[in-house]
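Residues per chain are reported as follows:
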Amino acid sequence: MTHPFLDLAPLTAARFASIEDRVARLLSTEQDVAITQGEALLPLEGAIRGAAGPGTTALNVITGPYGQTFGDWLRDCGATVVDLAVPFHTAVTAEQIRDAFAAHPAIDFVSLVHAEAATGNTNPVAAIGEVVREHGALFYLDAVASVGAEPVLPDAWGVDLCVIGAQKAMGGPAGVSAISVSERAWARMAANPHAPRRSYLSLLDWKERWIDGGRRALLHAPAQLEMLALEACLERIESAGLDTVMARHASAAAATRAGALALGGGLEPYVCEARDAAPVATTLRVPDGVDASELVAKALTADLALPLAAGGGAREMVRVNHYGPDATPGAVHSSLAGLGAALTEFGVRVDLEAGRRAAEGAWGE
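Residues numbered from 1 in each chain as written. Predicted model: local features only at pLDDT ≥ 70, side-chain atom pairs only at ≥ 80, totals over all residues. Heavy atoms only, no water.

Draft legend 1. Expanded view of the side chain of Gln31. Summarising the element assignment, Gln31 is placed in the loop between helix H1 (13-26) and strand E1 (32-36). Of note is the side chain of Gln31, whose polar atom sits 3.4 Å from the side chain of Ser180. Non-local contacts of Gln31, meaning those with residues more than four positions away in its chain, are made with Pro154, Asp155, Val159, Asp160, Ser180, Val181 and Ser182. (Helix = DSSP H or I, 4+ residues; strand = E, 2+ residues; numbered from the N terminus. Polar contact = N/O pair within 3.5 Å; in protein donor to acceptor, adjacent residues only side chain to side chain. Contact = heavy atoms within 4.5 Å.)

Here is the structure:
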């Protein structure tokens, strides 16, 4: 017997390269793009270990759990790390970045998460990039959650290492990821004696054996099904139009915030200012006396398909994951209705109809 997933012709180097080219177009970048054969933690760690070492002074911005992880990796590399932590219900500002440079002139590496899906905030990368460029530091960006939900422009923003994944707003697979790398970043890695070599974490191996080799021979057998899923995901975004996909996510975020406030009962956006809220997912603060995990469990008992999760950034937090196929009015309405019904079971009075009307009115505004 044959199976459409198992009896495929091998993925050619030319097709692999064509998918990389589509990723580059998605990011509007002229930088080298490498598709890495693993979840986004692979290039995220590989980029830090490749570019940072004992001589590095890194400014590590913490606006959620991933920023904390990057700091751990940087310290493990021997870098001197300056942590800039801001409350998870806000975003970091360019002024805070500028102040950090003034206080620590030796900073030559900046690590930042664009959108923290776990905490629901997003950071002003364009403005931050201007400050980083002024000081000549290498700029490392985790855009895994933001790509597809809001603009991600490595070249325009001066980002040297930009990592994306397809499993959130792009609506694609989790098993492959990609990174764009500037010439400055390649030079930094080449000069770093501690950069991984002959390793799955080595980006330099990909450059020397794949990119510099004209992309004619793959380093190893690719994750074929994941690559084909990524190709299909990119085709779908191209067909719909990236602006349309991003607008859908922005509408989902606006509708969720408005609907939660109108629902009442003490449920409110966790990220205080709408300008700081990520389009990819909305975090909500539960009312006093209500356990977020129990609230989500009750909502999911009624409907397991609801894109809801508890915690991530704080114990009192519920996250509505309105990304990818769930960036729809239906998913937003169902999530708010599920949370409202669960709150009612906790004895909290809510107005389901007001929540529905507010979400409907905010969609597309």
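Draft legend 2. Representation of the pattern of salt bridges in the model. Counted according to the given criterion, the structure contains 21 salt bridges. With a shortest N-O distance of 3.0 Å, Arg215 and Asp21 are connected by a salt bridge. You can see Arg215 sitting in the loop between helix H8 (203-211) and helix H9 (224-240) and its partner Asp21 sitting in helix H1, a full 194 residues away along the chain. Judged by relative accessible area, Arg215 falls into the partly exposed class, the value being 25%. The class for Asp21 is partly exposed, based on a relative accessible area of 31%. When the shortest N-O distance is used, the salt bridge between Arg285 and Glu316 registers 3.1 Å. Here Arg285, found in strand E11 (residues 282-285), pairs with Glu316, found in the loop between strand E12 (308-310) and strand E13 (317-320); they are 31 residues apart in sequence, far enough to count as distant. Looking at Arg285, the relative accessible area reads 23%, which means it is partly exposed. The network of salt bridges with common partners includes Glu353, Arg356, Arg357 and Glu360. (Salt bridge = Lys/Arg side-chain N within 4 Å of Asp/Glu carboxyl O. Buried < 20%, exposed > 50% of the residue type's maximum accessible area, 1.4 Å probe, protein only.)

Draft legend 3. Region of interest: the packing of helix H10 (residues 242-263) against helix H13 (residues 352-362). Relative to each other, H10 and H13 sit at 155°, their axes nearing to 7 Å. Viewed along their axes, H10 and H13 adopt a mutual orientation that is roughly antiparallel. Between H10 and H13 lies a crossing whose hand is right-handed. Here Ala254, Ala255, Ala258, Gly259, Ala262 and Leu263 of H10 lie close against H13, whose contacting residues are Leu352, Ala354, Gly355, Ala358, Ala359 and Ala362. Residue composition of the contact of H10 with H13, by class: ten nonpolar, two polar and no charged. (Axes fitted to C-alpha atoms, helices over the stretch in contact; angles between N-to-C directions. Parallel < 35°, antiparallel > 145°, perpendicular 65-115°, else oblique. Left-handed = near helix turned anticlockwise from the far one by under 90°. Nonpolar A, V, L, I, M, F, W, Y, C, P; charged D, E, K, R; others polar.)

Draft legend 4. The arrangement of the pairing of strand E3 (residues 80-85) in detail. Strand direction decides the pairing type here: strand E2 (residues 57-62) and E3, joined by six bridges, are parallel. Residue pairing for E3: Leu59 is matched across the bridge by Val82. Handedness of the crossover joining E2 and E3 through helix H3 (residues 65-76) is recorded here as right-handed. (Pairing = 2+ DSSP bridges. Right-handed = clockwise from strand over helix to strand, strands pointing away.)

Draft legend 5. Structural context of the pairing of E13. The alternating pattern of E13 places Met317 and Arg319 and Val318 and Val320 on opposite faces, both of which are buried. Judged from the four bridges that link them, E11 and E13 form a sheet pairing that is antiparallel. What sits directly across from Thr283, in E13, is Arg319. Summarising the sheet, E12 and E13 pair through three bridges and their orientation is antiparallel.

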